[in-house]
Amino acid sequence: MAGTQTKRVVKGGPGSVWSERLRYFEAEQDAMVRTITEFVEIESPSDNKAAADRMGTFLAGRFENAGGKVHVHRAQDFGDHVQIGFPGREPGTPVLLLGHFDTVYPLGTLASMPCREDGGRLRGPGVLDMKSGIALMLHAIAAVQAWHGELPRPITVFLVSDEEVGSNSSRKITEALAKESAAVLVLEPAAGLRGAVKTARKGVGEYTLKVHGVAAHAGLDPGKGHSAVLELPSRS
């Protein structure tokens, strides 16, 4: 679930470009809420490929309608990953917008946790992490297109379906795209109510431990034996 409260700090006078852009997004706020709601109401748990693929297909259509060229990376055990390329006015190295559309909520959660507004906050499974971020990508691209007529530089959007479970099927693609990009912006939630930008994140590690016991006769000489079951907690 998620909610957002903002403290607006605008540099420049009432007629400054930043004031105009703030007004643009204020006028777009209802449309952004509708977009987030659309995304949240398509459930996409990490462990349900069919559901995740429905979400990915929907997102591909939305970004394609915004002028992007879609490339789908097929995945066997998870939803297919979606890459969208947007050309820029000048050729050059793209900026990568990175996100994920899988959620930690099992299929059917919407029945007990519907997407709804509550006291100025939008709540629902996946609102915060991170379907709002994907909606912001879409509306930010549309905003830059509206302000400049076209994007000043190329943009690549890459949306994965397995982030919540370790990114095993998408990691190599993400790393390859990042190496080809001038910068990578991950539109995960900001830190705390201050909306601070995150500049680093923790990683994920998975390990397999094998502990072998020492066999001994339980009746004649039990002291020579060592139990793997008992040794594992003391060494982990």
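Here is a short report on the structure shown in this document. Since the model is a prediction, treat every value here as computed from it, not as a measurement.

## Brief notes about helix α3 (residues 127-148)
Here is step 1: Along its 22 residues, α3 runs 30 Å from first to last C-alpha, staying within 8% of the 32 Å computed at 1.5 Å per residue.
Here is step 2: Considered for burial, the residues of α3 that qualify are V127, M130, K131, S132, G133, I134, A135, M137, L138, H139, I141 and A143.
Here is step 3: Contacts from the buried residues of α3 go to α1 (17-40), α2 (49-65), β2 (81-86), β3 (95-100), β5 (121-123) and β6 (155-160).
Here is step 4: Downstream of α3 by one or two residues, G149 has phi in the positive range, about 85°.

## Focus: the nonpolar core
Here is step 1: The biggest cluster of nonpolar side chains holds 30 residues, and the ones touching the most others in it are F63, F86, F101, I134, I141, V157 and L159.
Here is step 2: When residues of this core are traced back to their parent elements, those giving at least two are α1, α2, β2, β3, α3 and β6.
Here is step 3: At seven residues, the largest contribution of residues to this core is made by α3.
Here is step 4: Ignoring any residue separated from it by four or fewer positions in sequence, one finds F63 in contact with G68, I84, F86, I134, M137, L138, I141, V157 and L159.
Here is step 5: If you look at the next biggest cluster of nonpolar residues, it comprises six residues, including L96, L98, I173 and L177.

## Comments concerning the packing of α2 against α3
Here is step 1: Following both chains from N to C, one finds α2 and α3 inclined at 15°, their axes separated by 11 Å at the closest point. By the angle class used here, α2 and α3 are roughly parallel. In terms of crossing hand, the pair formed by α2 and α3 is right-handed. Contacts between α2 and α3 involve M55, L59, R62 and F63 from the former and K131, I134, M137, L138 and I141 from the latter.
Here is step 2: Classifying every residue of the contact of α2 with α3 by side-chain character gives seven nonpolar, no polar and two charged.

## As for the packing of aromatic side chains
Here is step 1: Scanning the entire structure with this criterion turns up four aromatic pairs.
Here is step 2: Where Y24 meets F25, the ring centres are 5.3 Å apart and the plane angle is 85°; that geometry is what we call edge-to-face.
Here is step 3: With a relative accessible area of 27%, F25 lands in the partly exposed category.
Here is step 4: Their ring planes at 70° and their centres at 5.5 Å tell us that Y24 and W147 sit as a pair that is edge-to-face. Residue Y24 is found in helix α1, and its partner W147 is found in helix α3; the two are separated by 123 residues along the sequence.
Here is step 5: Exposure remark for W147: the relative accessible area of 32% places this residue in the partly exposed category.
Here is step 6: Connected via pairs of aromatic rings, a cluster forms that spans Y24, F25 and W147.

## Structural notes on the sheet that holds strand β1 (residues 69-73)
Hydrogen bonds between backbone groups are what pair the strands of a sheet, and the pairing can be parallel or antiparallel.
Here is step 1: Read from one edge of the open sheet, five strands run β1-β2-β6-β3-β7, paired in mixed fashion. Looking at strand neighbours, the two that pair on one side only are β1 and β7 (183-186), the edges of this open sheet. Taken over all neighbouring pairs, the strand axes of this sheet differ in orientation by 20° on average, direction set aside.
Here is step 2: Where β3 meets β6, six bridges bridge the pair, whose relative direction is parallel. Across the sheet, L98 pairs through a bridge with F158, a residue of β6.
Here is step 3: Where α2 meets the sheet, it contacts β1, β2 and β6, and its direction lies at approximately 5° from that of β2.
Here is step 4: Across the sheet, helix α4 (residues 171-179) lies against β1, β2, β3, β6 and β7, angled at about 165° from β6, the strand it touches most.

Calculation criteria
Residues numbered from 1 in each chain as written. Predicted model: local features only at pLDDT ≥ 70, side-chain atom pairs only at ≥ 80, totals over all residues. Heavy atoms only, no water. Helix = DSSP H or I, 4+ residues; strand = E, 2+ residues; numbered from the N terminus. Expected span 1.5 Å × (residues − 1). Buried < 20%, exposed > 50% of the residue type's maximum accessible area, 1.4 Å probe, protein only. Contact = heavy atoms within 4.5 Å. Core = buried A, V, L, I, M, F, W, Y, C linked by side-chain atoms within 4.5 Å. Axes fitted to C-alpha atoms, helices over the stretch in contact; angles between N-to-C directions. Parallel < 35°, antiparallel > 145°, perpendicular 65-115°, else oblique. Left-handed = near helix turned anticlockwise from the far one by under 90°. Nonpolar A, V, L, I, M, F, W, Y, C, P; charged D, E, K, R; others polar. Phe/Tyr/Trp six-rings, centres within 6.5 Å; stacked < 30°, edge-to-face > 60°. Pairing = 2+ DSSP bridges.

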